[in-house]
Amino acid sequence: MGSLGAIMKHPDDLYPLLKLKMAAKKAEKQIPSEPHWRFCYTMLHKVSRSFALVIQQLGTELRNAVCIFYLVLRALDTVEDDTSIDTDVKVPILIAFHNHIYDRDWHFSCGTNNYKVLMDQFHHVSTAFLELGKGYQEAIEDITKRMGAGMGKFICKEVETIDDYDEYCHYVAGLVGLGLSKLFHASGSEDLAPDDLSNSMGLFLQKANIIRDYLEDINEIPKSRMFWPRQIWSKYVNKLEELKYPENSIKAVQCLNDMVTNALMHAEDSLKYMSALRDLAIFRFCAIPQIMAIGTIALCYNNIEVFRGVVKMRRGLTAKVIDRTKTMADVYGAFFDFACILESKVDKNDPNATKTLSRLQSIQKTCRESGLLSKRKSYIVNGNGYSSTMIFILIITFSILFAYLSANRQNI
């Protein structure tokens, strides 16, 4: 759960955090008993706890398909991410990965920690994949094939231009959006979404991650991973790694803001995609990560800490997003609020200020024109302080929780 300091600073985080904790426990109890499915869902919880929570609300058939889709692509990504694998070995594996998912005996040892376990015991994933409906299998195979080929291409190619950047993000994330749209359609729950909108859903998430993960990627051992396009960073420094040096702080933040401005171009497509969804479970599954993406972007913008350490939304705010995202009004409200936060951080002297403000104002206009802002639930409480009433509620809640846990221990 969130740290005590964060909860004291944001006491209204406590209830959503408790609900999130209970949801996680409930999800763990729902893990199937069959060995291969137990492995898949247990591994899903280990490699992506937040994704595991939002996936649990889907219907059983679609949930199984999305679980396997995620693990297959997570495994593919593990091969791509492992910089210790020689290119001559890595590229053929990426290109042929869509065939390996049909082979119950295939595995490849790479990665670390839970990702190594996933790769060493990949036969469980293949076994589960072969139990999915044919429509789901075909969608997963198609996306895996296209993604593997794209990853293989960029193993041997640097991200030079913004077009390269968009192409790379398409292969590693836009295709995920296309694949999920195919799975939603195969389930009979949704119409097949246009490819451009599905692609934008993936690009928005991926670009938020690439922006946030600059320091981790540039410090990767034995070899740096570089995803920021030269066309952007070369305007500020001679080498991408120079952004992390304190003497380049001003240029680093300007470059960061340039990257954020680029990512914002996908926000309105994401809103359009989500507004067309009919199934509530699918809607929440899509909406929660998108809100997390714009929240992360808002946190990173104009923030030198991106080049110093880990920057991410506090767990309590994440819990609020998961708890309170129920309707499109909530999505418009979240995008509007985070766009306002971003707007308040724009320095008029920033080289991209005009473009950034234009994109933020366009997002705000789309949200306002929906006519739903008055129905939104706000995730953001202004002010750093907390009232005596909130402290009282916090103390009472902790007392109830302590009594509950003590009673449980006595019954064991």
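Residues numbered from 1 in each chain as written. Predicted model: local features only at pLDDT ≥ 70, side-chain atom pairs only at ≥ 80, totals over all residues. Heavy atoms only, no water.

Enquirer: Teacher, can you tell me more about the overall build of the chain here?
Expert: Looking only at helices and strands, the chain has 20 helices and zero strands in total. Burial status across the chain gives 52% buried among its 412 residues. Taken as a whole, the chain presents about 19000 Å² of accessible surface, with 53% of it coming from carbon and sulfur. (Helix = DSSP H or I, 4+ residues; strand = E, 2+ residues; numbered from the N terminus. Buried < 20%, exposed > 50% of the residue type's maximum accessible area, 1.4 Å probe, protein only. Areas by Shrake-Rupley, 256 points an atom, 1.4 Å probe, with all protein chains shown as cover.)

Enquirer: Just to check I follow, could you spell out a positive patch on the surface for this structure?
Expert: Residues K21, K25, K312 and R315 make up a contiguous surface patch of positive charge. Mapped onto the elements, K25 comes out in helix α2 (residues 14–29). According to the relative accessible area criterion, K25 is partly exposed, its value standing at 47%. (Patch = residues over 30% accessible without salt bridge, like charges linked within 9 Å, V, L, I, M, F, W, Y side chains within 5 Å. Salt bridge = Lys/Arg side-chain N within 4 Å of Asp/Glu carboxyl O. Lys, Arg positive; Asp, Glu negative; His and termini not counted. Charge placed at Lys NZ, Arg CZ, Asp CG, Glu CD.)

Enquirer: Any chance you could explain the nonpolar core here in plain terms?
Expert: A general feature of soluble globular proteins is that nonpolar side chains tend to end up buried together. Counting residues in hydrophobic clusters, the biggest one holds 132 residues, and the most contacted among them are F97, L183, W228, M274, F285 and F335. Sort the elements by how many residues they give to this core and helix α16 (residues 280–300) lands first, with 14 residues. F97 has contacts with V72, A75, L76, V79, W106, M119, F122 and T144, leaving out every residue within four places of it along the chain. (Core = buried A, V, L, I, M, F, W, Y, C linked by side-chain atoms within 4.5 Å. Contact = heavy atoms within 4.5 Å.)

Enquirer: How should the side chain of S126 be read in this particular structure?
Expert: Here S126 shows up in helix α8 (residues 122–129). Owing to a relative accessible area of 1%, S126 belongs among the buried residues under this scheme.

Enquirer: I'm lost on unusual backbone geometry in this one. Help?
Expert: Negative phi values dominate among residues other than glycine, just as trans dominates among peptide bonds. Even without glycine at this site, N113 takes up a positive phi of about 50°. On the accessibility criterion, N113 (64% relative accessible area) is exposed. At N302, a position not held by glycine, the phi torsion is positive, near 60°. Taking the relative accessible area as the measure of exposure, N302 reaches 32% and is therefore partly exposed.

Enquirer: Just to check I follow, could you spell out helix α17 (residues 315–324) for this structure?
Expert: An α-helical turn contains 3.6 residues, so a residue and the one three or four places further along point in the same direction. Counting buried residues along α17, eight of its ten residues qualify, which places the element largely inside the surrounding structure. Three or more residues of α17 are buried, namely G316, L317, T318, A319, K320, V321, I322 and D323.

Note that all results are geometric; they support no functional claim without further evidence.
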